[in-house]
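Each chain is listed here by its residues.
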Amino acid sequence: MWAASAREDSIERLHNAADVLQAIVDAPDKGVPEEVLDSAKCMVVVPHLVKAGFIIGGKHGRGVATCRTSTGWSAPAFISVGGGSWGLQIGAEGIDLVMLVMNDRGLQHLLSSKFEITGEGSAAAGPVGRHASAGTDWKLNTELLTYSRSKGAFAGLTLEGAVIEPDEDSTVAIYGSNIPFRTTLTGGTATPPEASTFMAAVRKAAHKAAVHEARERESR
């Protein structure tokens, strides 16, 4: 019973995460800028993040991550998010959370299997709208850009003190064993069929961002 439930929950999370990415593609003017998405090394999506008070054990939410590899985007790795004082920003109905890893330092932190988000340049609320070039600070040293989505609109979200860790239960439920986080995100694991919808959404969002950025560069 537990295994079946964990598997169903994990599959639902993959589908919900795909829906969040589709919303990014559908709303470029009020969503994550294409320039930011095109520069991202990894995407982390946590559908329906809720306040700590509603969750036993301090975990705010569970999600999925994928990173760019030499052959495309990696198979999804399952993550949990907890800790921190940022739950005050979240309404009772919850939000969708999108985190974009922007540089190699952020990538190494994510691969370390326990990534604590601090305020010293490691994470920042992401810019919103079609163009992010007005504020270029995110290009310099920000490891992680964070976004929340509530009632269809995206906004930057600060995640001071939050901790991202592997979700071992979901990993076992989908992959059949506890495959190391790093192995999955560096392309060492085949994408399971249950993740096909999520991976299609990842590729679609990334492709649209890349095409847009290529056109922007040509017009400059």
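What you see is a predicted model, and the numbers here were worked out from it, not measured in a lab.

Scoring rules and cut-offs
- Residues numbered from 1 in each chain as written.
- Predicted model: local features only at pLDDT ≥ 70, side-chain atom pairs only at ≥ 80, totals over all residues.
- Heavy atoms only, no water.
- Buried < 20%, exposed > 50% of the residue type's maximum accessible area, 1.4 Å probe, protein only.
- Helix = DSSP H or I, 4+ residues; strand = E, 2+ residues; numbered from the N terminus.
- Arc of directions from axis to C-beta.
- Polar contact = N/O pair within 3.5 Å; in protein donor to acceptor, adjacent residues only side chain to side chain.
- Pairing = 2+ DSSP bridges.
- Contact = heavy atoms within 4.5 Å.
- Core = buried A, V, L, I, M, F, W, Y, C linked by side-chain atoms within 4.5 Å.

A. Region of interest: helix α3 (residues 104–111). Of the positions making up α3, those classed as buried are Gly106, Leu107, Leu110 and Leu111. Each buried residue of α3 lies within a common arc of 135 degrees when the element is viewed along its axis, so the set occupies one face. The N-cap of α3, judged by a side-chain oxygen 3.3 Å from the amide nitrogen of arginine 105 a few residues on, is asparagine 103. Looking one or two residues beyond α3, the residue adopting positive phi is serine 113, at roughly 80 degrees.

B. A look at the pairing of strand β1 (residues 42–49). When you tally the buried positions in β1, you get seven out of eight residues, the bulk of the element. Here β1 pairs with strand β5 (residues 95–101) via six bridges, running antiparallel. Residue valine 46 lies in a different strand from β5, and its bridge partner there is leucine 97.

C. Spotlight on the environment of valine 163. Relative to the helices and strands, valine 163 resides in strand β10 (residues 163–166). The buried category is assigned to valine 163, whose relative accessible area is 14%. The spatial distance from the C-alpha of valine 163 to the C-alpha of glycine 83 is 5.9 Å, given a sequence separation of 80 residues. In contact with valine 163, not counting residues within four places along its chain, are Ser80, Val81, Gly82, Lys114, Phe115 and Glu116.

D. View of the side chain of threonine 66. Along the chain, threonine 66 turns up in strand β2 (residues 59–69). Given a relative accessible area of 0%, threonine 66 falls into the buried group. Within the structure, threonine 66 has its side chain in polar contact with the backbone oxygen of serine 74 (distance 2.7 Å). When residues no more than four places from it in sequence are discounted, the contact partners of threonine 66 are Lys41, Cys42, Met43, Trp73, Ser74, Ala75, Leu185, Phe198, Met199 and Val202.

E. Quick look at the nonpolar core. Counting 33 residues, the largest nonpolar core has Leu21, Val36, Leu37, Met43, Leu100, Tyr147 and Phe198 as the members making the most contacts within it. Of all elements in the fold, only α1 (2–26), α2 (34–39), β1, β5, β8 (144–150), α5 (168–175) and α7 (196–219) reach the threshold of two or more residues within this core. Counting 26 residues, the second largest nonpolar core, distinct from the first, contains Ala65, Ala77, Val81 and Leu159.

F. Expanded view of the environment of threonine 69. Considering the arrangement of structural elements, one finds threonine 69 in strand β2. For threonine 69, a relative accessible area of 22% gives the class partly exposed. Put simply, threonine 69 and lysine 41 are 28 residues apart on the chain and 8.7 Å apart in space, counted from C-alpha to C-alpha.

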